[in-house]
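Next come the chains, spelled out residue by residue.
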Amino acid sequence: MINEVFMPALSSTMTEGKIVSWEKAPGDKVEKGETVVVVESDKADMDVESFYEGYLATILVPAGEAAPVGAPIALLAETEAEIEQAKQQGANLSNKSAQPAAPAESTPSPTPEPAMATAAATTSRQNGRAVASPRAKKLAKEYKVDLATLSGSGPFGRIVAEDVEAAAGKAPAAIATPPQPTVAAPPRIPTQAVQAAPAASGDVVPFNTLQNAVVRNMVASLQVPIFHVGYTITTDQLDKLYKQIKSKGVTMTALLAKAVALTLQKHPLVNASCVEGGIQHHGNINIAVAVAMGDGGLITPVLQNADQMDIYSLSRAWKDLVERARVKQLQPAEYNSGTFTLSNLGMYGVDSFDAILPPGQGAILAIGGAKNQVVATEDGMMGVRRQMRVNITCDHRIIYGADAAAFLQDLAKLIETNTQSLTM
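Let me begin by describing the structure that accompanies this report. This one's a predicted model, so the numbers in the text were calculated from it and none came from an experiment.

1. Looking at the packing of aromatic side chains
As enumerated under the stated definition, the model contains 1 aromatic pair in all. Taken together, a centroid distance of 5.7 Å and an interplanar angle of 50° make the contact between Phe340 and Phe407 tilted. On the criterion of sequence distance, the pair formed by Phe340 in strand β19 (residues 340-344) and Phe407 in helix α8 (residues 401-417) is long-range, its members being 67 residues apart. We note that Phe340, like Phe407, is buried.

Rendered as C-alpha cells:
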C-alpha cells in the first residue's frame with residue numbers, strides 16, 4: 001500500500017505550510033508515531049508524526065518550500081518492495097501538477113490513502129487484500145492465522161500485531177516495543193538560522209509565514225469598532241518592589257502581567273470577547289504578551305491563569321515561553337489562548353502608543369516607559385515621581401468607556417498603593 005503524506009492543518013488559520021526540514025530521508029524506515037517532517041505553521045515549527053509504519057519512498061515538497069494544506073508532500077510505502085512503485089507514482093503527481101488540467105471527461109486516478117493527520121478508509125481490506133502491518137503479516141504466517149477473517153483495531157481498521165496474537169490466543173510478548181507516547185515528540189535542538197542577505201534597494205521581500213499571519217490578524221482587527229482610553233500611573237512603589245525581587249529572577253513583564261491579571265478579577269467584562277450573538281466570558285485569565293521576532297513578525301506567548309500563579313513561578317514561565325518562542329517551539333495553546341494582551345514598548349523609551357486589538361479578544365493594554373516627572377503633590381508642593389502612560393484599546397461592542405476607565409483606575413491603585421499583593 002502507498003500512503004500520502006500531506007500538508008496538515010496545524011492551526012485554524014493555517015492555509016499553507018512551509019517545510020522546515022525532513023527528519024527522514026527517502027528509503028528510511030518510518031515507525032508509527034515517529035516524527036517525519038517539521039512544518040512551519042503560522043507561528044511555530046511543529047513536528048508532524050506518521051500514522052503508519054513503512055518506508056519514506058519519495059519527497060514531493062523539499063525543505064524550504066511551501067504547500068497548501070491538504071496537498072501531498074511525500075509518499076510512504078508499506079514495504080520496501082513498493083518503494084519503486086511509490087517513486088513512479090510521485091513522478092506522475094509531479095508531472096500532473098506541472099501540466100494543464102486534464103479534460104473533465106478523463107477518468108481521475110484513485111486517491112491514495114493519506115498517511116498523516118486526515119481520515120482514511122475505515123475498513124481493514126483494500127483492493128481485495130487485508131490491510132495489515134508487516135509485523136502482523138509475519139505473525140499471521142507464524143501462527144497460521146488467516147488475515148481475511150480478522151477485523152483490524154489499528155488506525156482506520158488496519159490489522160496490527162495485537163489482532164493476530166489475540167486470534168491465535170497468544171499473549172503479547174513481554175519485550176514488545178513500548179507504545180508511542182501521546183505527547184509531542186521531544187523538543188528538537190534548533191539549528192542556527194542562516195542570516196539572510198540584506199535586501200537591495202528597490203527589492204520586494206516576500207512576507208514569511210509569521211508575517212503573513214500577523215497581516216491577516218491585523219486586517220481582521222480593522223473590522224472591529226474600537227476606542228482608546230489613556231491613564232498615567234505612578235510607578236515608584238512598583239519600581240521599588242522590582243529592585244527588591246529582581247535578583248530572584250522576577251521580570252518587570254511578569255510584574256505587569258500579574259498586576260493586570262489581578263485587576264481583571266474585578267473586571268471580568270474586560271477579560272471577555274465578542275462572539276456571534278453575544279459576549280463570551282472566559283473562565284481563565286490568560287495574559288498574552290507581544291514579543292517581536294528577530295526574523296520579522298510578532299508572536300504573543302500566553303501566561304495561562306496568570307492571576308493564580310505566584311510572581312516567581314510566573315517569571316520562570318515567562319522566561320521559558322520567550323526562549324521557546326524565539327526558536328518557534330511553542331505549542332498552539334501557548335500563543336493562541338490569550339484572553340487579554342499586553343504590549344510593552346517602554347524599554348525603547350516610548351512615552352505612549354495605541355495598540356491594535358487582537359482578533360478574539362476584548363482589550364489590549366499598551367504600556368509606555370516610566371520616566372521621572374515633576375508633579376504637584378497633595379500638600380501643594382512640587383515633587384518628582386516616576387510615571388508611565390498606559391493606553392487600553394477596547395472592543396466597543398462589549399466594553400464601554402466607563403468599563404475601561406474603571407479597569408485602569410483599579411490597575412493604577414494596585415500598582416501605586418498595593419504592590420505587595422503582587423508577591424502573594
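2. A closer look at a nonpolar patch on the surface
A contiguous nonpolar patch, built from Phe207, Val215 and Val219 and spanning about 260 Å² of accessible area, is present on the exposed surface. Residue position: Phe207 is located in the loop between α3 (161-167) and α4 (209-221).

3. Some words on the pattern of salt bridges
Opposite charge on two side chains permits them to pair, given that their charged atoms come into close proximity. The tally for this structure, following the rule as stated, stands at 8 salt bridges. With a shortest N-O distance of 2.9 Å, Arg324 and Asp320 are connected by a salt bridge. With Arg324 and Asp320 both in helix α7 (residues 311-326) and 4 residues apart, the pair spans about one turn of that helix. Judged by its relative accessible area of 22%, Arg324 falls in the partly exposed class. Since its relative accessible area comes to 34%, Asp320 is described here as partly exposed. Between Asp395 and Arg397 there is a salt bridge, with its nearest N and O atoms 2.8 Å apart.

4. Focus on the pairing of strand β2 (residues 16-22)
Strand direction decides the pairing type here: β2 and strand β7 (residues 66-68), joined by 3 bridges, are antiparallel. In the strand pairing of β7, Glu16 is matched with Pro68.

5. As for the packing of helix α6 (residues 252-266) against α8
Running from N to C, α6 and α8 cross one another at 130°; their axes reach a closest spacing of 9 Å. One finds that α6 runs oblique with respect to α8. Helix-helix and strand crossings are classified by hand; for α6 and α8 the assignment is right-handed. Contacts between α6 and α8 pair Ala259, Val260, Leu262, Thr263, Leu264 and Lys266 from the former with Phe407, Asp410, Leu411, Leu414 and Ile415 from the latter. The residue inventory of the contact of α6 with α8, partitioned by class, reads 8 nonpolar, 1 polar and 2 charged.

6. Regarding the sheet that holds strand β4 (residues 35-40)
The 4 strands lie next to each other as β5-β4-β2-β7, forming an open sheet whose pairing is antiparallel. Of all the strands in the sheet, just β5 (45-49) and β7 have a single pairing partner and so form its edges. The sheet shows a mean angle of 40° between the axes of neighbouring strands, direction not considered. Of the pairings in the sheet, the one linking β4 to β5 comprises 5 bridges and is antiparallel in character. Bridge pairing in β5 places Thr35 opposite Glu49.

7. Considerations on the side chain of Lys24
Summarising the element assignment, Lys24 is placed in the loop between β2 and β3 (29-30). A relative accessible area of 17% means that Lys24 is categorised as buried. Engagement of the side chain of Lys24 in a polar contact is seen with the backbone oxygen of Lys29, the distance being 3.2 Å. A polar contact of 2.8 Å, which involves the side chain of Lys24, links it to the side chain of Glu34. The contact partners of Lys24, leaving out residues within four places of it in the chain, are Lys29, Val30, Glu34, Thr35, Val36, Leu56 and Ile59.

8. Describing helix α5 (residues 236-245)
Of the residues making up α5, those classed as buried are Leu238, Asp239, Leu241, Tyr242 and Ile245. An end-on view of α5 places all buried positions within 160° of arc, on one side of the element.

9. Thoughts on the environment of Asp28
By the element assignment, Asp28 lies in the loop between β2 and β3. Looking at Asp28, the relative accessible area reads 31%, which means it is partly exposed. On a C-alpha basis, the gap between Asp28 and Gly54 in space is 8.5 Å, while along the polypeptide they are 26 residues apart. Leave out the neighbours within four places in its chain, and Asp28 touches Gly54, Tyr55 and Leu56.

10. Some thoughts on the environment of Leu75
Counting through the fold element by element, Leu75 comes out in strand β8 (residues 72-77). As for Leu75 and Gln89, which are separated by 14 residues in sequence, their C-alpha atoms are 8.5 Å apart. Residues in contact with Leu75, not counting those within four places in the same chain, are Ile2, Asn3, Glu4, Tyr55, Leu56, Ala57, Thr58, Ala86, Gln89, Gly90 and Leu93.

11. Brief notes about α7
Over its 16 residues, α7 extends 23 Å from the first C-alpha to the last, a length consistent with the 22 Å expected when each residue adds 1.5 Å. Of the residues making up α7, those classed as buried are Ile311, Leu314, Ser315, Trp318, Leu321, Val322 and Ala325. All buried residues of α7 fall inside an arc of 125° around its axis, so they share one side. The exposed set on the far side of α7, more than 90 degrees from its buried face, consists of Arg316 and Lys319.

The rules behind these values
Residues numbered from 1 in each chain as written. Predicted model: local features only at pLDDT ≥ 70, side-chain atom pairs only at ≥ 80, totals over all residues. Heavy atoms only, no water. Phe/Tyr/Trp six-rings, centres within 6.5 Å; stacked < 30°, edge-to-face > 60°. Helix = DSSP H or I, 4+ residues; strand = E, 2+ residues; numbered from the N terminus. Buried < 20%, exposed > 50% of the residue type's maximum accessible area, 1.4 Å probe, protein only. Patch = residues over 30% accessible without salt bridge, like charges linked within 9 Å, V, L, I, M, F, W, Y side chains within 5 Å. Areas by Shrake-Rupley, 256 points an atom, 1.4 Å probe, with all protein chains shown as cover. Salt bridge = Lys/Arg side-chain N within 4 Å of Asp/Glu carboxyl O. Pairing = 2+ DSSP bridges. Axes fitted to C-alpha atoms, helices over the stretch in contact; angles between N-to-C directions. Parallel < 35°, antiparallel > 145°, perpendicular 65-115°, else oblique. Left-handed = near helix turned anticlockwise from the far one by under 90°. Contact = heavy atoms within 4.5 Å. Nonpolar A, V, L, I, M, F, W, Y, C, P; charged D, E, K, R; others polar. Polar contact = N/O pair within 3.5 Å; in protein donor to acceptor, adjacent residues only side chain to side chain. Arc of directions from axis to C-beta. Expected span 1.5 Å × (residues − 1).

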